[in-house]
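# Structural description and commentary
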Amino acid sequence: METNDVVDSMIEMIITTWSTFSKGVGMQVTESIRYIGVDDTTLDLFEGQYKVPFGVSYNSYVILDDKVAIMDTVDQRAGGQWMGYMKDELKGRTPDYLIVQHLEPDHSANIGNLCELYPEMKIVCSTKAKAMLPQFFERDYSDRAMAVKEGDTLSLGQHTLHFIMAPMVHWPEVMVTYEEFEKVLFSADAFGTFGANNIGLNWMVEGRRYYANIVGKYGPSVQALLKKASALDIAMIAPLHGPVLKENLETYINLYDKWSRYEAERKGILVAYASAHGNTKNAALYLARKLETRGEQVITIDLNRDDMSRAVEGAFCFDRIVLAASSYDGNLFPAMQDYLYHLQCKALKNRTFAIMENGSWAPIAGKKMIEEVNKMKDMTIIEPTLVIKTMRKDADEPAYDALVDALVEAGK
């Protein structure tokens, strides 16, 4: 068989052995830059922990010029479909380069397949990625890799790629790529979202939750990348998850700037509660209603039942947080302990906290919550702690009013 016939037969074999997913609609980038990503609406947990009720996209792109470059691959779950989309766009051409911006498995799983299909194709990646590459495959493809550094360029013909190192956004080997002719920033995991592209979600629906939980810990690294990006004339942002951003780019960039500085996105109060028998919940919801009557925007999170990633997202969004929990086994209720652990992991700072504790015979939750909050940087805790003895009573009203007044004042 001819070489192209061999490649076609291998692709067909791969396609038939993988699950069928769908291509994101409305995702064309330009005439020369084609979208070949895949929507996955069958995944229940992203990275084994984040609920994705609207699925997720694995974005990949091909740049067609005198030379052809593939921009990243996709998760193994969607490899067959991706191969089919790639074949359709290549129309018999052979890719010269595979640009590897990020080695996390949801983007790198098909590097080996592509290398086997196209033996002459070069891998272009950061020096750190080249060193890490052998960890991801039984066969070592690092001899095929061209390591690039900050400021290096690669000409495809009319299109020129500029490589920008972005370590710890959110892995150490990450780089992003700026294509100067059409002014496209291929942003790796930055500016990504949860949600399949064919669902048609607004970016904000899942963009904040994605940032807070995936990138949130690495604010200083995001700031460094934004500083580099500010020198570029960017017409489009093409991330590895979620929609290609073509309009109102300043909005997205400003949000990333705010989030990565750990500044609250808006004035408002998150009331997060962990309740054993419902009394702490009732007390927390009562406080939330009183805050709303004072004109405050309030959201409530049941830490026992609601998605933890939404609770983390809320902490990145609002400037004030109420923690309400009961004591349990002489310690803090487990769901609240878990929540504060997640906030610590994401390096949240610059927030104001109010503490509500409940205990029938030996209240300890307040002390424990304060200890956990104090492990984070630049946090303010409103005093005193509101103490509930088993259930809210009318006699507690002055304490509620005092806490409401303090929270309102802290938001001014």
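Residues numbered from 1 in each chain as written. Predicted model: local features only at pLDDT ≥ 70, side-chain atom pairs only at ≥ 80, totals over all residues. Heavy atoms only, no water.

### Some thoughts on the packing of helix H10 (residues 308-317) against helix H11 (residues 334-345)
When two helices pack together, their arrangement is captured by the angle between the axes and the distance separating the axes. The contact between H10 and H11 brings their axes to 10 Å, and the two run at 55°. The pairing of H10 with H11 is recorded here as oblique in orientation. Considering only the axes of H10 and H11, their crossing is right-handed. Taking contact as the criterion, the partners of Met 308, Ala 311, Val 312 and Ala 315 in H10 are, on H11, Ala 335, Asp 338, Tyr 339, His 342 and Leu 343. (Axes fitted to C-alpha atoms, helices over the stretch in contact; angles between N-to-C directions. Helix = DSSP H or I, 4+ residues; strand = E, 2+ residues; numbered from the N terminus. Parallel < 35°, antiparallel > 145°, perpendicular 65-115°, else oblique. Left-handed = near helix turned anticlockwise from the far one by under 90°. Contact = heavy atoms within 4.5 Å.)

### Considering the layout of surface pockets
One number sums up the size of the largest pocket: a volume of about 350 Å³. Contributing to the lining of the largest pocket are 18 residues, with His 277, Ser 326, Ser 327, Gly 359 and Ser 360 lying nearest its centre. Breaking the lining of the largest pocket down by element, the ones donating at least two residues are helix H9 (279-293) and strand E18 (318-328). Per element, the largest residue contribution to the lining of the largest pocket is three residues, and it comes from E18. Tallied by class, residues from the lining of the largest pocket come to five nonpolar, twelve polar and one charged. (1 Å grid on protein atoms, 1.4 Å probe; cavity = no way out; pocket = protein on both sides within 12 Å on 5 of 7 lines; lining within 4 Å. Points joined across faces, edges and corners; volume = space filled by probe spheres on them. Nonpolar A, V, L, I, M, F, W, Y, C, P; charged D, E, K, R; others polar.)

### Looking at empty space enclosed by the protein
Using the criterion set out here, one finds one cavity of 30 Å³ or more in the structure. Contributing to the lining of the largest cavity are Leu 185, Ser 187, Phe 191, Leu 225, Leu 226 and Ala 229. Considered class by class, the residues forming the lining of the largest cavity number five nonpolar, one polar and no charged.

### Here we look at the pairing of strand E9 (residues 122-126)
Burial runs high along E9: four of the five residues are buried. Relative to E9, strand E8 (residues 97-99) runs parallel, the two being bridged by three bridges. In the strand pairing of E9, Tyr 97 is matched with Lys 122. Relative to strand E10 (residues 145-148), E9 is paired through four bridges, and the arrangement is parallel. Across the sheet, residue Val 124 finds its bridge partner in E10, namely Met 146. (Buried < 20%, exposed > 50% of the residue type's maximum accessible area, 1.4 Å probe, protein only. Pairing = 2+ DSSP bridges.)

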